[in-house]
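So you can see what is in the structure, the chains are spelled out below.
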Amino acid sequence: MADDTAGNKNKSDLILEEIMRRKEKESVVDVEGKKVKVVIFSLLNDFYAFYGEYIKEILPIMTIYYVPGTPEFIPGVINVRGEIESVINIKMFLGLPEATEVLNGRIALAVQEGIRSGILVDSIEDVIDIPASSIVPALDTLSKSIKDFVAGEFVHKDRLVTILDVGKIFGKITQ
Amino acid sequence: MIKRALHESHCPQMIRILTFTVMGVKMGVDTEQIGGIWEVDEARRLGTVIHYFHEKIFFRDRAAEYHAPKAMLVKDGDKEYSLVIDNPDDIIEVGIESIQPLPSLIALPGTAGAFWGAVANDQGIVLLVDFSRMKNGCMNKELDAQAI
């Protein structure tokens, strides 16, 4: 009996251990499974993304009203249902060449820490949730003009996607 | 209560705006800043100092073009000068609730300094300019040099 009790205890211990082990595993799986929303877009032939939490709206290309005195990478302002928003030409900001023809251009309306601005992109490719664990630090081979604004990169449909940090972009403009 | 009444008495609820265009950009100025509008030759004949608008505000690489230039007498404190604009358009009354501050990236110090707000209407966006903020002329040229 004593052995049985000991055996039972051992058994319950074993069961508890197994339960704890499983819970631990689940929590590990949870971490791996933590998702983040990203808005994937293209500039020239490359794919980039913003974290979805900072993108409030995707707008079609609309009339941009030039504001004299602004830096070249801010082509002007737009009227979004009566609200006036600035627009950033992100290619110019990053020192990338202008595309010869942009057929599916969009304006991503970004908001972070109270700063709002539209950001011109060549196209919106996808809005998806990806595992946070799939985001890795960016390669050192990125050009210096872009590297300062990169939050990481991930692979989507066999293509490398570079995540741009909206806060760093706004921070550079406002500094 | 008294403070509130004073505050309300100092803030107009409507302003009269003269709208005009310079190099395709529609702008508006409080009519209280203007002493009159006449032909550029007439302003020269009267001997006022004449500035062209693009000399005061940097238009980046846009070529200076005036299709229907008019000289606006600007009252800036105790000084007066003529400012050449293009296409004076209309005088409209605007309620202050219709005026929006410029977006924060546009309203940065030294960026579009002379512009203090905007009015969006069916025709587009009218930038509100304050001539008393234009004292430093083309200071904004420096900004492009700072761009990445």
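Preceding this section is the structure that the text describes.
Keep in mind that this is a model prediction, so the values were computed, not measured.

### Some points on the interface of chain A and chain B
Contacts between chain A and chain B engage 30 residues on the former and 29 residues on the latter. Across the chain A/chain B interface, buried area totals approximately 2400 Å², and carbon plus sulfur atoms make up 69% of it. For chain A, the biggest contributors to the area lost against chain B are Tyr 66, Pro 68 and Ile 84 of chain A; these three give 30% of the whole. Viewed at the interface, chain B and chain A are joined by 0 salt bridges. The interface formed by chain A and chain B holds 3 residue pairs in polar contact (both at pLDDT 80 or more) in total. When contributions to the side of chain A that touches chain B are tallied by element, the ones reaching two or more residues are β4 (76–80), β5 (83–89), α2 (90–94), β7 (115–121) and α4 (166–174) of chain A. Grouping the amino acids of the side of chain A that touches chain B by side-chain chemistry returns 17 nonpolar, 8 polar and 5 charged.

### A word on the sheet that holds β7 of chain A
All names here are of chain A. Judged by pairing direction, the sheet is mixed, and its 5 strands sit side by side in the order β3-β6-β7-β5-β4 without closing on themselves. The two strands at the open ends of the sheet, each matched to only one other strand, are β3 (55–60) and β4. Shown here is a sheet whose adjacent strand axes are inclined to one another by a mean of 35°, direction ignored. Bridge count between β5 and β7: 3 bridges; the pairing is parallel. When the sheet's bridge partners are listed, Val 87 is paired in β7 with Gly 118.

### Description of the pairing of strand β10 (residues 159–164) of chain A
Two faces make up the sheet, and in a regular strand the side chains alternate between them. Residue and element names in this part refer to chain A. The pairing of strand β2 (residues 46–51) with β10 spans 3 bridges and is classified as parallel. Across the sheet, residue Phe 47 finds its bridge partner in β10, namely Val 161. Judged from the 6 bridges that link them, strand β9 (residues 150–156) and β10 form a sheet pairing that is antiparallel. Counterpart to Val 150 in the pairing with β10 is Leu 164. Hairpin connection of β9 to β10: 2 residues between the antiparallel strands, including Lys 157 at a positive phi of 50°.

Calculation notes
Residues numbered from 1 in each chain as written. Chains lettered and ligands numbered in written order. Predicted model: local features only at pLDDT ≥ 70, side-chain atom pairs only at ≥ 80, totals over all residues. Heavy atoms only, no water. Contact = heavy atoms within 4.5 Å. Buried area = accessible area lost by both parts, 1.4 Å probe. Salt bridge = Lys/Arg side-chain N within 4 Å of Asp/Glu carboxyl O. Polar contact = N/O pair within 3.5 Å; in protein donor to acceptor, adjacent residues only side chain to side chain. Helix = DSSP H or I, 4+ residues; strand = E, 2+ residues; numbered from the N terminus. Nonpolar A, V, L, I, M, F, W, Y, C, P; charged D, E, K, R; others polar. Pairing = 2+ DSSP bridges. Axes fitted to C-alpha atoms, helices over the stretch in contact; angles between N-to-C directions.

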